[in-house]
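Residue-level listing of the chains:
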Amino acid sequence: MADQTHVLFVEDDDVIREATQLALERDGFAVTAMPDGLSGLQAFRTDRPDIALLDVMVPGLDGVSLCRRIRDESTVPVIMLSARADSIDVVLGLEAGADDYVTKPFDGAVLVARIRAVLRRFGHASGTDRVEEPESAATGGLLAFGDLEVDTEGMEVRRDGQPVALTPTEMRLLLEFSSAPGTVLSRDKLLERVWDYGWGGDTRVVDVHVQRLRQKIGQDRIETVRGFGYKLKA
C-alpha cells in the first residue's frame with residue numbers, strides 16, 4: 001500500500017461501495033471503504049489517506065459534516081459524491097471544504113479521471129501534502145496587493161502581516177489570479193487551469209471556491225465581472 005495512492009471511500013450502499021472499490025483497485029489504487037461517516041472519520045485518522053471520496057448521504061455522520069471534520073485536521077483533497085447534480089448538497093459540500101464533486105450514478109472511468117486530476121494538482125505522487133505552482137503563475141518572490149502578500153516560492157499568504165491558511169485548491173486559485181492582476185479570468189479558464197478539466201465542468205465549483213477565498217483574503221479583493229468571470233484587483 002505504501003507505493004499506491006490510498007483512497008478513503010465512504011459510501012453506505014453496499015453494491016456501489018463494493019463495485020467502486022473493485023474498480024479503483026483495478027486501476028491501481030489502495031482503497032479503504034467504509035459504510036458510514038463515523039467509521040470513515042476513524043479510518044481517516046488512522047490511515048491518513050491521500051484522498052477522500054465521500055458520499056453526501058451516509059448515516060451516523062453525513063458526508064458534508066465528515067468533510068468539515070477532515071478539513072479541520074488536514075488539507076487532504078476531498079471529492080464529494082452526490083445523487084443529484086442540482087442538489088443544494090453539492091454547494092454545501094464545496095462550502096464545507098470539498099475540492100470537487102461527482103454526480104451519481106457515475107462512470108468508473110470518469111471517477112478515476114477526476115481523482116487523478118485532483119491528485120495531480122495537489123502534487124500527490126506519494127501522498128504528500130504539496131501544492132504545485134501553475135505554469136502561468138508568477139515566480140521569483142513576493143507579490144503584494146494592498147494588505148495582501150503572496151509568496152509564490154514559499155507558498156504562503158499573509159493579510160495585514162498575518163498568515164492566511166488556504167487549502168491547496170484555494171492556493172492554486174489565488175496563484176492564477178495573482179499571476180495576472182486586473183485581468184479577467186473566465187470560469188472555464190479557471191476550471192482548466194486550477195481543476196485540470198480538459199472537458200466542460202460545473203462552474204459552481206469555481207464560484208464556491210472564489211467565495212471561500214474572498215472570506216480569507218478580503219471580500220473586495222476579487223471582483224466579479226458579470227458575464228465574463230473574475231479578476232484580482234491590483
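Conventions used here
- Residues numbered from 1 in each chain as written.
- Predicted model: local features only at pLDDT ≥ 70, side-chain atom pairs only at ≥ 80, totals over all residues.
- Heavy atoms only, no water.
- Helix = DSSP H or I, 4+ residues; strand = E, 2+ residues; numbered from the N terminus.
- Buried < 20%, exposed > 50% of the residue type's maximum accessible area, 1.4 Å probe, protein only.
- Contact = heavy atoms within 4.5 Å.
- Areas by Shrake-Rupley, 256 points an atom, 1.4 Å probe, with all protein chains shown as cover.
- Pairing = 2+ DSSP bridges.
- Axes fitted to C-alpha atoms, helices over the stretch in contact; angles between N-to-C directions.
- Core = buried A, V, L, I, M, F, W, Y, C linked by side-chain atoms within 4.5 Å.
- Salt bridge = Lys/Arg side-chain N within 4 Å of Asp/Glu carboxyl O.
- pLDDT = per-residue confidence, 0-100.

Engineer: Account for the overall build of the protein, with residues named and values stated.
Structural biologist: Across its full length, the protein carries 8 helices and 11 strands. Among the 234 residues that make up the protein, the fraction classed as buried is 48%. Of the contacts made within the protein by residues no fewer than 6 positions apart, 59% connect residues no fewer than 24 positions apart. Total accessible area computed for the protein in this model is approximately 10,600 Å², and 48% of it derives from carbon and sulfur atoms.

Engineer: So what's going on with the sheet that holds strand β7 (residues 148-151)? Residues and values would help.
Structural biologist: To summarise the sheet geometry, strands pair through backbone hydrogen bonds and adopt either a parallel or an antiparallel arrangement. Here 4 strands make up an open sheet; going across it, the order is β6-β7-β8-β9 and the pairing antiparallel. Unpaired on one side and paired on the other, β6 (142-145) and β9 (162-163) mark the two borders of the sheet. Relative to β9, strand β8 (residues 156-159) is paired through 2 bridges, and the arrangement is antiparallel. Opposite Arg159, over in β9, you have Gln162 as the bridge partner. Packed onto the sheet, helix α6 (residues 168-179) meets β6, β7 and β8 and runs at close to 105 degrees relative to β7.

Engineer: Break down the nonpolar core for me, citing the residues and quoting the values.
Structural biologist: In terms of nonpolar packing, the biggest core is built from 49 residues, with Leu54, Met80 and Phe177 touching the most fellow members. Sorting elements by how many residues they give to this core places helix α8 (residues 204-217) first, with 6 residues. In this view, Leu54 contacts Val10, Gly63, Leu66, Cys67, Ile70, Val78, Ile79, Met80 and Leu81; residues no more than four positions away in its chain are not counted. Of all hydrophobic cores here, the second largest spans 16 residues; its members include Phe9, Leu53, Leu81 and Leu111.

Engineer: Run through the environment of Pro163, naming residues and quoting values.
Structural biologist: In this fold, Pro163 is placed in strand β9. The class for Pro163 is exposed, based on a relative accessible area of 66%. Between the alpha carbons of Pro163 and Glu149 there is a distance of 9.3 Å; along the sequence they are 14 residues apart. Setting aside residues up to four positions removed in sequence, Pro163 forms contacts with Val157 and Arg158.

Engineer: Give a description of the pairing of strand β3 (residues 51-55) that names residues and reports values.
Structural biologist: The element β3 is extensively covered by neighbouring structure, given that 5 of its 5 residues are classed as buried. The two faces of β3 match: Ile51, Leu53 and Asp55 on one face and Ala52 and Leu54 on the other face are all buried. Looking at chain direction, strand β1 (residues 6-10) and β3 are connected through 4 bridges and run parallel. By the bridge assignment, Val7 is partnered in β3 with Ile51. Where β3 lies against strand β4 (residues 78-82), 4 bridges are found, and the strand directions are parallel. In the sheet register, Ala52 faces β4, and the bridge partner there is Val78.

Engineer: Describe the pattern of salt bridges, with residues and values.
Structural biologist: Under the defined criterion, the tally for this structure stands at 17 salt bridges. Between Arg120 and Asp196 there is a salt bridge, and its shortest N-O distance comes to 2.5 Å. Highlighted residues: Arg120 in helix α5 (residues 108-122) and Asp196 in the loop between α7 (187-194) and α8, separated in sequence by 76 residues. You can call Arg120 partly exposed: its relative accessible area is 47%. Exposure remark for Asp196: the relative accessible area of 28% places this residue in the partly exposed category. One salt-bridge network, in which partners are shared between bridges, spans Glu11, Asp55 and Lys104.

Engineer: Describe the confidence of the model for the protein, naming the residues involved and giving the relevant values.
Structural biologist: In the predicted model, the protein carries a mean pLDDT of 87, and 88% of its residues have values of at least 70. When the criterion is pLDDT under 50, residues 125-139 qualifies, and its contacts beyond four places in sequence or with other chains add up to 38 contacts.

Engineer: Any chance you could break down the pairing of strand β10 (residues 222-225) for me, citing the residues and the numbers?
Structural biologist: Of the pairings in the sheet, the one linking β10 to strand β11 (residues 229-232) comprises 4 bridges and is antiparallel in character. Residue pairing across strands places Glu223 opposite Lys231, the latter belonging to β11. Linking β10 to β11, which pair antiparallel, is a turn of 3 residues; within it Gly227 sits at a positive phi near 85 degrees.

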